[in-house]
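Fold and contact review
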Amino acid sequence: MNDCLFCKIIRGEVPSTKIYEDEYVYAFKDIEPIAPVHYLVIPKEHIESAAKITPENSAVISHIYEVIAKIAKNEGLDDGFRVVNNCGEIAGQTVFHIHFHLMAGRKLEWPAG
Ligand code: 5GP
Ligand code: ZN
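In what follows, the accompanying structure is described. (Residues numbered from 1 in each chain as written. Chains lettered and ligands numbered in written order. Predicted model: local features only at pLDDT ≥ 70, side-chain atom pairs only at ≥ 80, totals over all residues. Heavy atoms only, no water.)

Side note on the coordination of the zinc ion (ligand 2)
This is how the line gets drawn: Any N, O or S atom lying within 2.8 Å of the metal counts as a donor, and for Na, K and Ca the limit rises to 3.2 Å; water is left out, so some sites can look incomplete. Each label reflects the angles at the metal, where four donors whose angles all fall between 85 and 135 degrees are tetrahedral, four or six donors whose opposite pairs open beyond 155 degrees and whose other angles stay between 65 and 115 are square planar or octahedral respectively, and the rest are irregular. Under the scheme used here, helices are H or I runs from DSSP no shorter than 4 residues and strands are E runs no shorter than 2 residues, and both carry numbers assigned from the N terminus. Buried, partly exposed and exposed residues are distinguished by accessible area as a fraction of the type maximum, computed with a 1.4 Å probe on protein chains only: under 20%, between the cut-offs, and over 50%, respectively.
Summarising the metal site, the zinc ion (ligand 2) is bound by the protein donors Cys4 (SG), Cys7 (SG), His46 (ND1) and His97 (ND1), whose distances to it range over 2.0 to 2.3 Å. Taken together, the four donor atoms coordinating the zinc ion (ligand 2) span angles of 106 to 117 degrees at the metal, a pattern that classifies the geometry as tetrahedral. Spacing between the donor residues of the zinc ion (ligand 2) along their common chain follows C-x2-C-x38-H-x50-H. In this pair, His46 sits in the loop between strand 3 (37-43) and helix 2 (59-74) while His97 sits in the loop between strand 4 (82-84) and strand 5 (100-104), placing the two residues 51 residues apart along the sequence. Assessed through its relative accessible area of 0%, His97 is described here as buried.

A few points about the sheet that holds strand 5
Definition in use: The rule for pairing is simple: two strands pair if DSSP sees at least two bridges between them. Fitted lines through C-alpha atoms give the axes, limited to the stretch in contact for helices. The angle between two N-to-C directions lies from 0 to 180 degrees. Any two residues whose heavy atoms approach within 4.5 Å are treated as being in contact.
Spatially, 1-2-3-5-4 is the arrangement adopted by the five strands of the open sheet, whose pairing is antiparallel. With partners counted over all chains shown, the strands left at the sheet margins are strand 1 (18-21) and strand 4, one partner each. Taken over all neighbouring pairs, the strand axes of this sheet differ in orientation by 20 degrees on average, direction set aside. Each of strand 1, strand 2 (25-29), strand 3, strand 4 and strand 5 touches helix 2; the most contacted strand, strand 3, lies at about 150 degrees to it.

Description of the environment of Ala51
Turning to its location among the elements, Ala51 is positioned in the loop between strand 3 and helix 2. On the basis of relative accessible area, Ala51 is assigned to the exposed category, the value being 58%. On a C-alpha basis, the gap between Ala51 and Gly88 in space is 8.2 Å, while along the polypeptide they are 37 residues apart.

Observations concerning helix 2
Applied cut-off: Take the number of residues in a helix, subtract one, and multiply by 1.5 Å to get its expected span.
For helix 2, which comprises 16 residues, the first-to-last C-alpha distance of 23 Å matches the rise-based estimate of 22 Å (1.5 Å per residue) to within 8%. Of all the positions in helix 2, only Val60, Ile61, His63, Ile64, Val67, Ile68, Ile71 and Ala72 are classed as buried. For helix 2, the elements touching its buried residues are strand 1, strand 2, strand 3, strand 4 and strand 5. Immediately downstream of helix 2, the backbone of Gly76 shows phi near 65 degrees, a positive value.

Some thoughts on the pairing of strand 1
Relative to strand 2, strand 1 is paired through three bridges, and the arrangement is antiparallel. Bridged to Lys18 within strand 2 is Phe28. The turn linking strand 1 back onto strand 2 is made up of three residues.

Printed below as a string of C-alpha coordinates:
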(Lines give C-alpha, C1' and ligand atoms only; values in the text may rest on other atoms or scores of the structure.)
(Ligands and ions follow the chains in the order given, each with its own letter.)
Protein backbone atom coordinates (compact mmCIF):
# COMPACT_ATOMS: atom_id res chain seq x y z
CA MET A 1 0.00 0.00 0.00
CA ASN A 2 1.21 3.51 -0.67
CA ASP A 3 0.03 7.07 -0.28
CA CYS A 4 -0.21 7.88 -3.97
CA LEU A 5 -3.55 9.54 -4.83
CA PHE A 6 -3.99 7.69 -8.12
CA CYS A 7 -3.08 4.33 -6.52
CA LYS A 8 -5.84 5.09 -3.98
CA ILE A 9 -8.26 5.82 -6.83
CA ILE A 10 -7.34 2.49 -8.47
CA ARG A 11 -7.95 0.68 -5.14
CA GLY A 12 -11.31 2.47 -4.74
CA GLU A 13 -10.20 4.26 -1.57
CA VAL A 14 -10.78 7.63 -3.24
CA PRO A 15 -13.94 7.86 -5.37
CA SER A 16 -13.74 8.53 -9.10
CA THR A 17 -15.98 8.37 -12.14
CA LYS A 18 -14.77 5.37 -14.10
CA ILE A 19 -14.64 5.52 -17.88
CA TYR A 20 -12.74 2.31 -18.58
CA GLU A 21 -10.91 -0.44 -16.70
CA ASP A 22 -9.00 -3.58 -17.55
CA GLU A 23 -6.25 -5.63 -15.92
CA TYR A 24 -3.57 -3.03 -16.61
CA VAL A 25 -5.27 0.34 -17.05
CA TYR A 26 -7.82 2.58 -15.33
CA ALA A 27 -9.44 5.67 -16.88
CA PHE A 28 -11.60 8.21 -15.06
CA LYS A 29 -12.93 11.76 -15.29
CA ASP A 30 -10.59 14.57 -14.28
CA ILE A 31 -11.98 16.32 -11.21
CA GLU A 32 -11.27 19.78 -12.71
CA PRO A 33 -11.96 19.37 -16.44
CA ILE A 34 -10.52 21.96 -18.82
CA ALA A 35 -12.47 20.64 -21.81
CA PRO A 36 -15.95 19.08 -22.20
CA VAL A 37 -14.20 15.71 -22.37
CA HIS A 38 -11.27 15.42 -19.94
CA TYR A 39 -10.27 11.98 -18.76
CA LEU A 40 -7.14 10.63 -17.10
CA VAL A 41 -5.77 7.31 -18.31
CA ILE A 42 -3.33 5.62 -15.92
CA PRO A 43 -1.50 2.33 -15.55
CA LYS A 44 -2.47 0.27 -12.50
CA GLU A 45 1.23 -0.20 -11.88
CA HIS A 46 2.69 2.79 -10.05
CA ILE A 47 5.12 4.52 -12.43
CA GLU A 48 6.11 7.95 -11.21
CA SER A 49 6.42 9.79 -14.53
CA ALA A 50 7.47 9.48 -18.17
CA ALA A 51 11.04 9.84 -16.93
CA LYS A 52 10.70 6.47 -15.21
CA ILE A 53 9.68 4.43 -18.26
CA THR A 54 12.06 1.53 -18.88
CA PRO A 55 12.18 -1.56 -21.12
CA GLU A 56 10.66 -3.46 -18.17
CA ASN A 57 7.55 -1.29 -17.76
CA SER A 58 6.99 0.31 -21.19
CA ALA A 59 4.49 -2.25 -22.53
CA VAL A 60 1.68 -0.70 -20.51
CA ILE A 61 2.28 2.63 -22.24
CA SER A 62 1.51 1.24 -25.69
CA HIS A 63 -1.50 -0.49 -24.15
CA ILE A 64 -2.64 2.87 -22.79
CA TYR A 65 -2.64 4.25 -26.33
CA GLU A 66 -4.76 1.30 -27.48
CA VAL A 67 -7.17 2.09 -24.64
CA ILE A 68 -7.24 5.76 -25.62
CA ALA A 69 -8.20 4.79 -29.19
CA LYS A 70 -10.94 2.52 -27.82
CA ILE A 71 -12.33 5.24 -25.53
CA ALA A 72 -12.23 7.77 -28.39
CA LYS A 73 -14.21 5.38 -30.59
CA ASN A 74 -16.73 4.56 -27.83
CA GLU A 75 -17.26 8.24 -27.03
CA GLY A 76 -17.49 9.29 -30.68
CA LEU A 77 -14.53 11.66 -30.57
CA ASP A 78 -14.46 11.67 -34.36
CA ASP A 79 -13.38 15.32 -34.63
CA GLY A 80 -10.16 14.48 -32.79
CA PHE A 81 -8.73 14.73 -29.35
CA ARG A 82 -5.54 15.63 -27.50
CA VAL A 83 -3.38 13.42 -25.28
CA VAL A 84 -1.07 15.21 -22.82
CA ASN A 85 1.49 13.83 -20.41
CA ASN A 86 3.08 16.33 -18.06
CA CYS A 87 6.43 15.09 -16.78
CA GLY A 88 8.06 16.79 -13.83
CA GLU A 89 7.70 20.13 -12.16
CA ILE A 90 8.35 22.52 -15.05
CA ALA A 91 5.73 20.73 -17.14
CA GLY A 92 3.18 21.11 -14.34
CA GLN A 93 2.98 17.51 -13.15
CA THR A 94 1.15 17.59 -9.82
CA VAL A 95 0.36 13.90 -9.29
CA PHE A 96 3.42 11.68 -9.46
CA HIS A 97 1.72 8.59 -10.89
CA ILE A 98 2.07 8.75 -14.66
CA HIS A 99 -1.17 9.81 -16.36
CA PHE A 100 -2.34 10.75 -19.81
CA HIS A 101 -4.89 13.53 -20.13
CA LEU A 102 -7.43 12.76 -22.90
CA MET A 103 -9.17 15.96 -23.91
CA ALA A 104 -11.79 16.75 -26.53
CA GLY A 105 -15.09 18.47 -27.20
CA ARG A 106 -13.81 21.94 -28.04
CA LYS A 107 -11.18 23.54 -30.27
CA LEU A 108 -7.85 22.90 -28.55
CA GLU A 109 -5.34 25.68 -29.12
CA TRP A 110 -1.78 24.90 -30.14
CA PRO A 111 0.96 25.52 -29.15
CA ALA A 112 -0.05 24.95 -25.53
CA GLY A 113 1.63 26.78 -22.67
P1 5GP B 1 -1.06 16.94 -13.81
O2 5GP B 1 -1.13 18.40 -13.44
O3 5GP B 1 -0.23 16.15 -12.84
O4 5GP B 1 -0.67 16.69 -15.25
O5 5GP B 1 -2.55 16.41 -13.73
C6 5GP B 1 -3.15 15.99 -12.56
C7 5GP B 1 -4.64 16.01 -12.82
O8 5GP B 1 -5.28 15.26 -11.80
C9 5GP B 1 -5.26 17.41 -12.80
O10 5GP B 1 -5.86 17.70 -14.05
C11 5GP B 1 -6.26 17.34 -11.65
O12 5GP B 1 -7.45 18.05 -11.93
C13 5GP B 1 -6.51 15.86 -11.51
N14 5GP B 1 -6.86 15.46 -10.15
C15 5GP B 1 -6.21 15.82 -9.00
N16 5GP B 1 -6.77 15.22 -7.94
C17 5GP B 1 -7.81 14.47 -8.43
C18 5GP B 1 -8.79 13.62 -7.81
O19 5GP B 1 -8.83 13.44 -6.59
N20 5GP B 1 -9.69 13.03 -8.63
C21 5GP B 1 -9.67 13.20 -9.99
N22 5GP B 1 -10.61 12.56 -10.71
N23 5GP B 1 -8.77 14.00 -10.60
C24 5GP B 1 -7.86 14.62 -9.83
ZN1 ZN C 1 0.49 5.54 -7.76
